[in-house]
Amino acid sequence: AVFQRHLAGRVAERNGSGRNEVDALVEQLLEIMQAEQAPEHELGLITEAMINDQATGSGYAARRYPIWTAPLPPEVVLAELFDRRTQQISSWLTAPVGMLDLPAEARQQPCVLDLAKLHGNILVLGSARSGKTTFIRTLALSLAASHSPADLWIYVIDPSGSGCGLAAPVSRFGRDHGDGLRLCHLADAFTPQQSSKVDRLLIELQDQIRQRQVLILKAGVDTLAQLREQPAQKLGSLPPGIVVIVDNIAELAAAQPECIETLKGLLRDARKCGITLVVTGYSWREVSSIQNNFETRIALRLNDPIDSDAAIGKPYAARIAADQPGRGFLRTSEGLVELQVALPSLGLSADALSERELTSATYGAGMSDVEQAVQLVNQRNGRLVGGLPQPLRSLPTRVMLADLTKLPEATSLGLGTPMAVDGVSFQPIWLDFAATTPHLLIAGSPRSGKSTLLRTILKGLAARYSPTEVQFVLVDPRRRVLQSIAQLDHVRTLTIPSVATAGAQAEQRSVRVITNEQEIRALVTEVAAEMTRRSLRDSAQPRIVLVISNWDLLQDTYSLWKPLAPFVMQGRDLGLHLIVTGAEYGNLVSTDMLKMARLERCAIYLGQPSENSSVPNTLGIKLPRQALQTALPAGRGYFTLQGQVQLVQCALTAETEELSAASGLQQHQPIGIPA
């Protein structure tokens, strides 16, 4: 610029006589500087490339360092998440379930849940049609796609009993409604109303936790996941991962309120043992009592901002639109992230699903895609021979007394016999008339197995004790229920005077089964006299079992039994024991003898009671809520002892089984999904 100003001044002073040497030198220098001007420096080239890449049409900087990313897509497919497989996804009990939006880092990535370590137990909240069931299906199929059935067992409690669509629905007697597919990793699926299944699952989980804690302690590690990471450990010898899914916790709490406390204990100890619980609910109020035990919370669309704030610490979930199913927020110990749950499809791309015009129904149903995914997973594991999940055991409908007597008996039985099998522990239930169960009241609906149970108990006592140790006094107004028992040597024969005719002397007759009022009078007189003698000499041998069949048919004789009431109350000491069957016990409170027997709080109700029946309450049996809606097979009922109620299946002898078949008692299949 200096040279240019100098040149301009010199030009103005010229008189046309030519240039001097200085002016010529300045012009020469300017020409050299302009001709040899330096090319663009490297920073300029880099800047140009970052602004506009002619090859791709977009700038490198915009692609490599975006200022913002597009929102999460409205649909994500599980198959595409596996296409982006990483080493993390292939780890034990890890599974991709959707896409995460990380705006602070201007990127999106698959949401991979690590159930064995980081994420643990999972709580999912959402309103109707928000995507809760879809999340469960996606999680289960994602785990199943990367684990063999030997490494992963899944148990599902859901209102339909179909495993949230992972298995064909089952009827109340365990028969499939159709030929639907069943995920090979699914150990069992049942409804919250199946109390025996729920109780059995909780017991199985507690046993698994105890066994795994011992295994972890011996290995000197903190968790089962750490044990599996040891290179010298043979993974085939380790127990599988267990995922327990409870869809709609409110329904389980309503049907089985007593199991919630047990569930809380499992949540505290399960994760380190390779057991994970996944629970869904509609509102925070439903899970408030157990919420502190979940390491991970997912809030889908919620109707109330209060629920959202309680679940994830922000009201964001209440702002999700109704047309965004599967959209939610994931809260872990690392913070809060927006999530789009993947659709449970392992064979279709997002483009193929988009052609179907995805709606909220896709996140609520999509059963065809689920069935295809189940079929694909099953085909991959079709060659497996062992290691398949173990379904929960169900009470058998046929229990033989001979099998129960082979098992170890309760200690120090004074006068005992096995009666039934407990529906939770599957252990024999023993009656001990000399100690814990001096009297037994048996009630039930018609053709429920009352008479069969009565015969089984008496046959069991007769097989274990001699007639010098126990004797039976039989009362049977129908004249046929106890006829098979009357032939036993243990049955006491009563001598009763016959009605004398005019001019004739009254004769004596022997009776082994009491059937009418006259015989009852003689029976009460004889038994009362013997009990009085025993009370004076402090003797209880032989023990007498007074058996009354069909008590409700003896209403006209209720007052005749009153003299035996005080002796029934002292039954343990005097050796007098009462077994009574009946359909109705309406006059139980006003009958002193049965009132004394009822104080022992030992009774059993067989079959399904009617809605208006007060018999269970009269006997002191608090039936579960689902008892009125559940039909039970013959011989199955609820046994109570000292206020503890158990579902049981009563035992049969070979003879009682034949009599039951002859009487036409219906034999149902076991309740629940068969193995």
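Before reading on, note that the structure itself is shown above.
These lines cover the structure that appears in this document, whether it is placed above or below.

The rules behind these values
Residues numbered from 1 in each chain as written. Predicted model: local features only at pLDDT ≥ 70, side-chain atom pairs only at ≥ 80, totals over all residues. Heavy atoms only, no water. Helix = DSSP H or I, 4+ residues; strand = E, 2+ residues; numbered from the N terminus. Buried < 20%, exposed > 50% of the residue type's maximum accessible area, 1.4 Å probe, protein only. Contact = heavy atoms within 4.5 Å. Areas by Shrake-Rupley, 256 points an atom, 1.4 Å probe, with all protein chains shown as cover. Expected span 1.5 Å × (residues − 1). Salt bridge = Lys/Arg side-chain N within 4 Å of Asp/Glu carboxyl O. Phe/Tyr/Trp six-rings, centres within 6.5 Å; stacked < 30°, edge-to-face > 60°. Lys NZ or Arg CZ within 6 Å of the ring centre and 35° of its normal. Lys, Arg positive; Asp, Glu negative; His and termini not counted. Polar contact = N/O pair within 3.5 Å; in protein donor to acceptor, adjacent residues only side chain to side chain. Pairing = 2+ DSSP bridges. Axes fitted to C-alpha atoms, helices over the stretch in contact; angles between N-to-C directions. Core = buried A, V, L, I, M, F, W, Y, C linked by side-chain atoms within 4.5 Å. 1 Å grid on protein atoms, 1.4 Å probe; cavity = no way out; pocket = protein on both sides within 12 Å on 5 of 7 lines; lining within 4 Å. Points joined across faces, edges and corners; volume = space filled by probe spheres on them. Nonpolar A, V, L, I, M, F, W, Y, C, P; charged D, E, K, R; others polar.

**Brief notes about the overall build of the chain**
Of regular secondary structure, the chain possesses 23 helices and 23 strands. For the chain, buried positions account for 51% of its 675 residues. Put simply, 69% of the contacts in the chain that link residues at least 6 apart link residues at least 24 apart. When the accessible surface of the chain is summed, it comes to about 32100 Å², and 51% of that surface belongs to carbon and sulfur atoms.

**Some details on helix H7 (residues 195-219)**
Every α-helical turn comprises 3.6 residues, leaving residues that sit three or four positions apart pointing alike. Between its first and last C-alpha atoms H7 spans 36 Å; for 25 residues at 1.5 Å apiece the expected length is 36 Å, and the two agree. Residues Ser195, Lys197, Val198, Arg200, Leu201, Leu202, Leu205, Gln208, Ile209, Arg212 and Ile216 constitute the buried set of H7. Among the residues trailing H7, Gly220 stands out with phi positive, at a value near 75 degrees.

**As for the pattern of salt bridges**
Pairs can form between side chains of opposite charge once their charged atoms are near each other. This structure, assessed with the given rule, holds 14 salt bridges. What you see here is one network of salt bridges that share partners, running through Arg492, Glu530 and Arg534.

**Topic: the packing of aromatic side chains**
A complete count under the given rule lists three aromatic pairs for this structure. When the ring of Trp551 is compared with that of Tyr558, the centres are 4.6 Å apart and the planes differ by 10 degrees; the resulting orientation is stacked. Owing to a relative accessible area of 1%, Trp551 belongs among the buried residues under this scheme. An aromatic cluster of three or more residues is present, and its members are Trp551, Tyr558 and Trp561. The residue whose ring lies beneath Lys132 is Tyr282, and the NZ or CZ to ring-centre distance is 4.1 Å.

**Topic: the side chain of Arg301**
Its place among the elements puts Arg301 in the loop between strand S8 (296-299) and helix H12 (305-312). The buried charged residue Arg301 lacks any salt bridge partner; its closest oppositely charged side chain belongs to Asp323, at an N-O distance of 7.8 Å. A polar contact is formed between the side chain of Arg301 and the backbone oxygen of Ala128, at a distance of 2.8 Å. For Arg301, the residues in contact, after removing those within four places along its chain, are Gly126, Ser127, Ala128, Arg129, Ser130, Ala317, Ile320, Ala321, Ala322 and Arg327.

**Considering the sheet that holds strand S6 (residues 241-246)**
The 10 strands are arranged S2-S1-S10-S9-S8-S3-S7-S6-S4-S5 in an open sheet whose pairing can be described as mixed. At either end of the open sheet lies a strand with only one pairing partner, and these are strand S2 (107-114) and strand S5 (186-190). The mean inter-strand angle of the sheet, taken between neighbouring strand axes irrespective of direction, is 25 degrees. In the sheet, strand S3 (residues 122-125) pairs with strand S7 (residues 275-281) via four bridges, with the strands oriented parallel. Among the inter-strand pairings, Val124 is bridged to a residue of S7, identified as Thr280. This element, H7, spans strand S4 (152-157), S5, S6 and S7 of the sheet and lies at about 150 degrees to S6.

**So, the nonpolar core**
Among the nonpolar cores identified, the biggest contains 95 residues, and Phe135, Ile154, Leu183 and Ile249 are the most heavily contacted of them. Considering every element that reaches this core, the biggest residue donor is helix H6 (residues 132-146), with eight residues. Leave out the neighbours within four places in its chain, and Ile249 touches Ile260, Leu263, Val279, Thr280, Gly281, Glu286, Val287 and Ile290. Leu404, Ile520, Val524 and Ile544 belong to the second-largest nonpolar core, a separate cluster that totals 49 residues.

**Here's the deal with the layout of surface pockets**
In this structure, the largest pocket encloses a volume near 640 Å³. Every residue lining the largest pocket is counted, 23 residues in all, and those nearest its centre are Asp199, Gln256, Glu258, Pro624 and Val645. For the lining of the largest pocket, the secondary-structure elements that each account for two or more residues are H7, helix H10 (259-269) and strand S23 (644-652). In terms of residue count, H7 provides more of the lining of the largest pocket than any other element does, six residues in total. Looking at the lining of the largest pocket, its residues break down into 11 nonpolar, seven polar and five charged.

**Topic: unusual backbone geometry**
Cis geometry is adopted by the peptide bond preceding Pro542, which originates at Gln541 and carries an omega value of -10 degrees. Looking at the secondary structure, you find Pro542 in the loop between helix H18 (517-537) and strand S19 (543-548). We note that Arg479 has phi near 70 degrees; this positive angle belongs to a residue other than glycine. Residue position: Arg479 is located in the loop between strand S15 (470-475) and strand S16 (494-497).

**Remarks on the environment of Thr280**
With respect to the secondary-structure elements, Thr280 resides in strand S7. Spatially, the C-alpha atoms of Thr280 and Ile245 are 8.3 Å apart, while their sequence positions differ by 35 residues. For Thr280, the residues in contact, after removing those within four places along its chain, are Val124, Lys132, Ile136, Val246, Asp247, Asn248 and Ile249. At a separation of 2.6 Å, a polar atom in the side chain of Thr280 contacts the side chain of Asp247.

**Here's the deal with the pairing of S19**
Across the six residues of S19, six count as buried, placing the element largely inside the fold. A two-sided burial pattern is seen for S19, the buried positions comprising Arg543, Val545 and Val547 on one face and Ile544, Leu546 and Ile548 on the other. When S15 meets S19, the two strands line up parallel, connected through six bridges. Bridge assignment links Phe472 to a residue of S19, and that residue is Val545. Bridge analysis of S19 against strand S20 (residues 576-582) gives five bridges, and the strand direction is parallel.

**So, the side chain of Thr515**
Locating Thr515 in the fold gives a position in the loop between strand S18 (513-514) and H18. On the accessibility criterion, Thr515 (15% relative accessible area) is buried.

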